Amino acid sequence: QQQVKQSPQSLIVQKGGIPIINCAYENTAFDYFPWYQQFPGKGPALLIAIRPDVSEKKEGRFTISFNKSAKQFSLHIMDSQPGDSATYFCAARDSNYQLIWGAGTKLIIKP
Amino acid sequence: KAGVTQTPRYLIKTRGQQVTLSCSPISGHRSVSWYQQTPGQGLQFLFEYFSETQRNKGNFPGRFSGRQFSNSRSEMNVSTLELGDSALYLCASSLDDNTDTQYFGPGTRLTVL
């Protein structure tokens, strides 16, 4: 119940395309769903986050879609650029304020 | 403000040894969390400290321990190192124990030979 399942494990998209990364969870007590971006040699950095009372959130080219009934959320990157190539992690916060992490998606944007 | 700093950045140890890693949070942040990151496994939560008290603990053996000092700096210790302990160890700080955003350091890359 504490798991967050993330897919795909890796993704290659042409520049300008829209990569989509999906996450699913079981625990309905999760109350906060962030996405983190990690570049090689760096720690993860918060990209965008959503709460379960909202179905969509946009920040620049990044959009989170949230489906509470299906217990799924996804990250969309509009007009993707080679500089977006990184590993992306979804996470969910439990009632102890602990983040439960997905396994990560390695995204490559081809020029 | 300076970000989260971790020392050392790289470490090579042999099986059976012990190691201590250090983390300095962002100034004013009182919560520090530690994670182990291995390829394909994502981030595995080790423990969280807030105001010098361990608040949460992940599912790791007792060889993994930590502490937090009065200035919020934190250390984690791994005793009797095993090959499987080779990983990137990440420290994250946040303002307090229920703040949304965690700010990560660059990590310490530990290799156990």
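Our structure is the block above this text.
A brief look at the structure comes next. Worth saying up front: this structure is predicted, and the values here are computed from it rather than measured.

**Description of the sheet that holds strand S7 (residues 62–67) of chain A**
Paired through their backbone hydrogen bonds, the strands of a sheet run either parallel or antiparallel.
All names here are of chain A.
Line of reasoning, step 1. Pairing in this open sheet of five strands is antiparallel, and the strands run S1-S3-S8-S7-S6 from one edge to the other. Only two strands of the sheet have a single partner each, and these edge strands are strand S1 (4–7) and strand S6 (56–59). Adjacent strand axes in the sheet meet at a mean angle of 15 degrees when their direction is disregarded.
Line of reasoning, step 2. Here strand S3 (residues 20–25) pairs with strand S8 (residues 72–77) via five bridges, running antiparallel. Within the sheet, the bridge partner assigned to Cys-23 lies in S8 and is Phe-73.

**Some remarks on the nonpolar core**
Line of reasoning, step 1. In terms of nonpolar packing, the biggest core is built from 25 residues, with Phe-33, Trp-35, Phe-73, Leu-75 and Tyr-88 of chain A touching the most fellow members.
Line of reasoning, step 2. The set of elements that each furnish at least two residues to this core consists of strand S2 (10–14), S3, strand S4 (33–38), strand S5 (45–50), S7, S8, strand S9 (86–93) and strand S11 (105–110) of chain A.
Line of reasoning, step 3. When residues in this core are grouped by element, the largest group, four residues, is from S9 of chain A.
Line of reasoning, step 4. When neighbours within four sequence positions are excluded, Phe-33 of chain A is seen to be in contact with Tyr-25, Ile-48, Ala-49, Ile-50, Pro-52, Ile-64, Phe-66, Phe-73, Ala-91 and Ala-92 of chain A.
Line of reasoning, step 5. The next biggest cluster of nonpolar side chains, apart from the first, holds 21 residues, and it includes Leu-11, Val-19, Tyr-89 and Leu-110 of chain B.

**Thoughts on the pattern of salt bridges**
Line of reasoning, step 1. Taken as a whole, this structure holds nine salt bridges over all chains when the rule is applied.
Line of reasoning, step 2. Close ionic contact of Arg-93 of chain A with Asp-31 of chain A constitutes a salt bridge, the shortest N to O distance being 3.1 Å. In this pair, Arg-93 of chain A is assigned in strand S9 and Asp-31 of chain A in the loop between S3 and S4, connecting sequence segments 62 residues apart.
Line of reasoning, step 3. Arg-93 of chain A sits in the buried class, given a relative accessible area of 6%.
Line of reasoning, step 4. Among the ionic pairs, Asp-85 of chain B bridges to Arg-63 of chain B, the shortest N-O distance being 2.8 Å. Note that Asp-85 of chain B is positioned in the loop between strand S8 (74–78) and strand S9 (87–94) and Arg-63 of chain B in the loop between strand S6 (53–57) and strand S7 (64–68), a separation of 22 residues in sequence.

**With respect to the pairing of strand S5 (residues 42–50) of chain B**
Residue and element names in this part refer to chain B.
Line of reasoning, step 1. Burial of S5 is extensive: eight of the nine residues sit out of reach of the surface.
Line of reasoning, step 2. Looking at chain direction, strand S4 (residues 31–38) and S5 are connected through eight bridges and run antiparallel. Bridge pairing in S5 places Gln-36 opposite Gln-44.
Line of reasoning, step 3. Sheet topology places S5 next to S6; four bridges connect them, and they run antiparallel. The partner of Phe-47 across the bridge, within S6, is Lys-57.
Line of reasoning, step 4. Remark: two residues form the turn of the hairpin made by S5 and S6, two consecutive strands paired antiparallel; Ser-51 in that turn has positive phi of roughly 45 degrees.

**Digging into the packing of aromatic side chains**
All names here are of chain A.
Line of reasoning, step 1. Within this structure, the stated rule accounts for 18 aromatic pairs over all chains.
Line of reasoning, step 2. Here Tyr-25 and Phe-73 contribute two aromatic rings whose centre-to-centre distance is 6.2 Å and whose plane-to-plane angle is 55 degrees, an arrangement assigned as tilted. Taken together, the positions of Tyr-25 in strand S3 and Phe-73 in strand S8 put the pair 48 residues apart, joining distant regions of the chain.
Line of reasoning, step 3. Using a relative accessible area of 2% as the deciding quantity, one classes Phe-73 as buried.
Line of reasoning, step 4. By the ring-pair criterion, three or more aromatic residues cluster together here, those being Tyr-25, Phe-30, Phe-33, Trp-35, Phe-66 and Phe-73.

What counts and what doesn't
Residues numbered from 1 in each chain as written. Chains lettered and ligands numbered in written order. Predicted model: local features only at pLDDT ≥ 70, side-chain atom pairs only at ≥ 80, totals over all residues. Heavy atoms only, no water. Pairing = 2+ DSSP bridges. Helix = DSSP H or I, 4+ residues; strand = E, 2+ residues; numbered from the N terminus. Axes fitted to C-alpha atoms, helices over the stretch in contact; angles between N-to-C directions. Core = buried A, V, L, I, M, F, W, Y, C linked by side-chain atoms within 4.5 Å. Buried < 20%, exposed > 50% of the residue type's maximum accessible area, 1.4 Å probe, protein only. Contact = heavy atoms within 4.5 Å. Salt bridge = Lys/Arg side-chain N within 4 Å of Asp/Glu carboxyl O. Phe/Tyr/Trp six-rings, centres within 6.5 Å; stacked < 30°, edge-to-face > 60°.

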